[in-house]
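# Examination of the molecular architecture
Chain by chain, the residues run as shown.
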There are 4 protein chains.
Amino acid sequence: MIDTAILLTSCPDQKGVTAAIADFIYRSNGNIVRVDEHLDTEHNILLVRMEWELSGFAVDMRTFARHFEPIAERFNMHWRAELSSYRPKVAIFVSRYDHCLADLLYRHRLGELPCEIPIVICNHPDVVQWTDFYHIPLQVIEVTKENKKEAEQQQIELLQMLGIDLIVLARYMQVLSPEFLQQFPPHRVINIHHSFLPAFVGGKPHHQAYERGVKLIGATSHYVTEVLDQGPIIEQDVVRVSHRDRIEDLVQKGRDLEKVVLARAVRWHLENRVLLYGKKTAVFP
Amino acid sequence: MIDTAILLTSCPDQKGVTAAIADFIYRSNGNIVRVDEHLDTEHNILLVRMEWELSGFAVDMRTFARHFEPIAERFNMHWRAELSSYRPKVAIFVSRYDHCLADLLYRHRLGELPCEIPIVICNHPDVVQWTDFYHIPLQVIEVTKENKKEAEQQQIELLQMLGIDLIVLARYMQVLSPEFLQQFPPHRVINIHHSFLPAFVGGKPHHQAYERGVKLIGATSHYVTEVLDQGPIIEQDVVRVSHRDRIEDLVQKGRDLEKVVLARAVRWHLENRVLLYGKKTAVFP
Amino acid sequence: MIDTAILLTSCPDQKGVTAAIADFIYRSNGNIVRVDEHLDTEHNILLVRMEWELSGFAVDMRTFARHFEPIAERFNMHWRAELSSYRPKVAIFVSRYDHCLADLLYRHRLGELPCEIPIVICNHPDVVQWTDFYHIPLQVIEVTKENKKEAEQQQIELLQMLGIDLIVLARYMQVLSPEFLQQFPPHRVINIHHSFLPAFVGGKPHHQAYERGVKLIGATSHYVTEVLDQGPIIEQDVVRVSHRDRIEDLVQKGRDLEKVVLARAVRWHLENRVLLYGKKTAVFP
Amino acid sequence: MIDTAILLTSCPDQKGVTAAIADFIYRSNGNIVRVDEHLDTEHNILLVRMEWELSGFAVDMRTFARHFEPIAERFNMHWRAELSSYRPKVAIFVSRYDHCLADLLYRHRLGELPCEIPIVICNHPDVVQWTDFYHIPLQVIEVTKENKKEAEQQQIELLQMLGIDLIVLARYMQVLSPEFLQQFPPHRVINIHHSFLPAFVGGKPHHQAYERGVKLIGATSHYVTEVLDQGPIIEQDVVRVSHRDRIEDLVQKGRDLEKVVLARAVRWHLENRVLLYGKKTAVFP
């Protein structure tokens, strides 16, 4: 893997944005290896993702903001710069169903997910076998109706202490409170929902799908916002089902979907391929 | 194509159903070429589709009911027998968007759809070029808020006069009234909805999908009941979209989906591969 | 799960086959819960899969052959009867890539694969962590050019000693010799090939796919015969790729495919849903 | 639709390419609306697609080459600039099977394909109904073993006279000779092959697929080179089949595939989204 920097910007459309960024990188002796640029004509927002090799790049990335700020101000940009060498710190939340957890940890070990996983947080003790197997620290924090506030406070402190960049809800069966989410805004919490959203919002989507007699079931990975199952969608996929499939068959087929859909979303996020804008995402896979 | 008969039955599960039907056909000198049998354990309903060659079959199919009735009574069956040689009479309803109409007529000419199409009914005059091209009679019946009752009455009379077996709503933009539907029960009216139901029920589903930022859009073909977009689903499919796709791109990708999804549903219906039970379908493609 | 028996038959097409089987089961007080019957008109072969509840069935399944033989003889059948309660003994062969192994063992623990796995045979020692984790016996048998004959003999003895019903080659990198395969005919050895066969037969299919610039890559699960990559196909699937995907990306995407394609094939085999006929399979999923 | 220019370049990777192009457009008062840039690290080739609004652009596009040449020379580029307002002239070649022709003409009328279609060339007279229906000139040129050279000469003269930019082989059953292809290099001839290439190269791919017992069939759209079925692939897709499908079913399912795969490829080509490099394509849909 080449050592690169990735710049993600969004700003009102205006002439000169691409030229200004590309010129800045070129003058700093960077070699651009990939550009993705998209103009949303509905909202007149220009999204840019630019990636360049750091070898020979003249700007110390620790001071990048200072150098880039004039351009950002000129075009009124929201922006962030990331290093491909930086491995974000990811906390995985999980409850009883362990298929997404086991899958993410396996991919992590194979190098598919460029991140650190300093903690798994669970409200069920069963997953210890997986954290032991992969040598990942586990924190069991039971969450009940009564202790929810304290439990979340405990979670927040742990996440902050560890400097967590991203929370992945890998079939975590608790709804995060608005207070929790104020600490971790949308682009820092990814969930997997076991339906093709917005169909079958809420609980027991496989039962709903079975009742309705659909011919495909889906899974959706999205950023988490305060409105349940309404956050910006990162990835979705479906699999064919028939009248032969009982609810347990839907659950089984759903597992395969959920694993790949969540893994793709997490990977794209970690590789800085996802831009949030409005209530949607732009993904440059 | 071999000349066959198809028997479709549903009954409470009980021992001996398959043996009784198969034995009846065998004793009448029929050669069974395909059987599909499914037990819905939730409702304890046994569904059977049995198809046999008519060559040498001893029972005159015009008197089949009389011969089969004892078995049907013994097992408390709902049943119907169909002939593969019978070409159901199909009326296609269409409004302004003609892609499904053009597609169905093309398939019909190629022999993909084993039916007659004695009439196309349209509330828009533009489709005359297609009915002329394929030499299909066209009846333009404008439907407005004011004349809806009369217009539907006119449609019903026409359909009854022509002995229509199946109505296909090929992007027909009017909601059929309960009074209309009492004349043509669910298994006689097939619709195509341009979303992955139950997501985006109702109008402008592509706009809804665009707003929500989904990563797949779908199409759904279903039998029509009195509750809008809630009838038993026959077939669904999806296609991938991204932030690059504007509403007009969704509409364009949707057209390709709608054509194949509707055509599959109609074909399966015509080939007697669909069994309605409860609010669902069993399809034996 | 209901306790059932499954009868799989193939015979020249003739009147009365379905009736004879269904009548036999009915007279023995069996309740048929599913039938799939397919007539291959090209070869005039009739395939039947019939499944019935054993509760109350009057024939002791240990003596089934004796009771059924007259029917089998009358119709010149190839047939076998299986019990859904029987858990076939499966040996998994694996080399260096462990994703299919890990996936199969996970599914096995969740109950997706109705079988016993008394042994994993490996020509690489690395997979011991997985067999330890799932408490499955591991036998490391190194295979080199020089010792291949002895190594296979050792494998055969082990498999026979354990009464193995099915061998699953889960990315096993050795070609089995004709001598080995005489001990284990086609319907007892399942392989996963990491391409959409018959494209990219042989070694390094991902490299071949990359060179050719295909827009989809595939995986194929098939029964193993003496001709490399030519056995009857059980299941295939594909995933979209683009010019952005390097070989390592194809490998990564391929892993996800291989896991689900192999798991589906193994599951269908174990559930007695696969009939081999000629060089093909009929699958009743 | 906005009036835009599209620049497609490929060159050895070097610092400053993006900056130079973007700066050139900016200084000429162009507003860049989309950029796609891909570095092929294997061959060290940088591919750029840049699209900008022409409204207010200071360079007369008829003289673009003169202004851009210094940049092209500096980076040793292959390049071409296109106008979104230019509607390429497309000739469709067709034989007996008319489904792709009918589909392309329908899409053309709906505005899905931004091109002119001044001619359909056919070695079969049956398609006249379609060219009449859509008011497209038809030239029937019979091709036999004996007259092939003369027939191709006649085709070439017609194409040159009409200033044809792109030839689409819509199930055209003749192999174009090397002499013909020298007049129309790869990026000017698109074919649809009714298999998932490179599986089932050559004739009767559906028969080959049927014999092999595959579980998916495909279609491939590719640029035509002198080696049969070996040209750079633009798009592929597949559909599921089973033992139930006879050859005529594969043909029917194949038709639906061929239509959409060819239409996508042609559309992407016309929208200047396809870059040929080596034996492959990069597609920026």
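Below or above, wherever it landed, is the structure these notes cover. (Residues numbered from 1 in each chain as written. Chains lettered and ligands numbered in written order. Predicted model: local features only at pLDDT ≥ 70, side-chain atom pairs only at ≥ 80, totals over all residues. Heavy atoms only, no water.)

With that settled, the discussion passes to the relation of the copies chain A and chain B. Expressed as a screw transformation, the operator carrying chain A onto chain B has a rotation angle of 180 degrees and an axial translation of 0.0 Å, and the superposed copies differ by an RMSD of 0.0 Å. The transformation relating the two chain copies, once decomposed into turn and shift, fits a two-fold axis. Closest to the rotation axis within chain A is the C-alpha of Ala199(A), separated from it by 2.2 Å. When you check the interface residues of chain A against chain B, 100% turn up at the interface there too, and the contact is symmetric in its surfaces. (Least-squares fit on C-alpha atoms with pLDDT ≥ 70 in both. Contact = heavy atoms within 4.5 Å.)

On to the interface of chain A and chain C. On the side of chain C, 26 residues touch chain A, which itself brings 25 residues to the contact. Broken down residue by residue, the surface that chain A buries against chain C is led by Tyr106(A), Phe133(A) and Arg244(A), which jointly contribute 24%. In this structure, the connection of chain A to chain C is made through eleven salt bridges. Asp256(C) serves as the salt-bridge partner of Arg107(A), at 2.8 Å between the closest nitrogen and oxygen. The interface formed by chain A and chain C contains 14 residue pairs in polar contact (both at pLDDT 80 or more). Among the secondary structure elements, those contributing two or more residues to the side of chain A that touches chain C are β2 (31-40), α3 (99-110), α4 (128-134) and α8 (247-270) of chain A. Per element, the largest residue contribution to the side of chain A that touches chain C is seven residues, and it comes from α8(A). Looking at side-chain class alone, the side of chain A that touches chain C contains eight nonpolar, three polar and 14 charged residues. (Buried area = accessible area lost by both parts, 1.4 Å probe. Salt bridge = Lys/Arg side-chain N within 4 Å of Asp/Glu carboxyl O. Polar contact = N/O pair within 3.5 Å; in protein donor to acceptor, adjacent residues only side chain to side chain. Helix = DSSP H or I, 4+ residues; strand = E, 2+ residues; numbered from the N terminus. Nonpolar A, V, L, I, M, F, W, Y, C, P; charged D, E, K, R; others polar.)

Further remarks concern the interface of chain A and chain B. Often, the extent of an interface is quoted as the loss of accessible area on bringing the components together. Taken together, the 36 residues of chain A in the interface contact 36 residues of chain B. Contact with chain B buries surface across chain A, with Arg212(A), Lys215(A) and His243(A) losing the most and accounting together for 23% of the total. The closest approach of N and O atoms between Glu235(A) and Arg240(B), which form a salt bridge, is 3.0 Å. Counting across the chain A and chain B interface gives 26 residue pairs in polar contact (both at pLDDT 80 or more). Considering every element that reaches the side of chain A that touches chain B, the biggest residue donor is strand β11 (residues 233-240) of chain A, with seven residues. Here the side of chain A that touches chain B is built from residues that sort into 15 nonpolar, seven polar and 14 charged.

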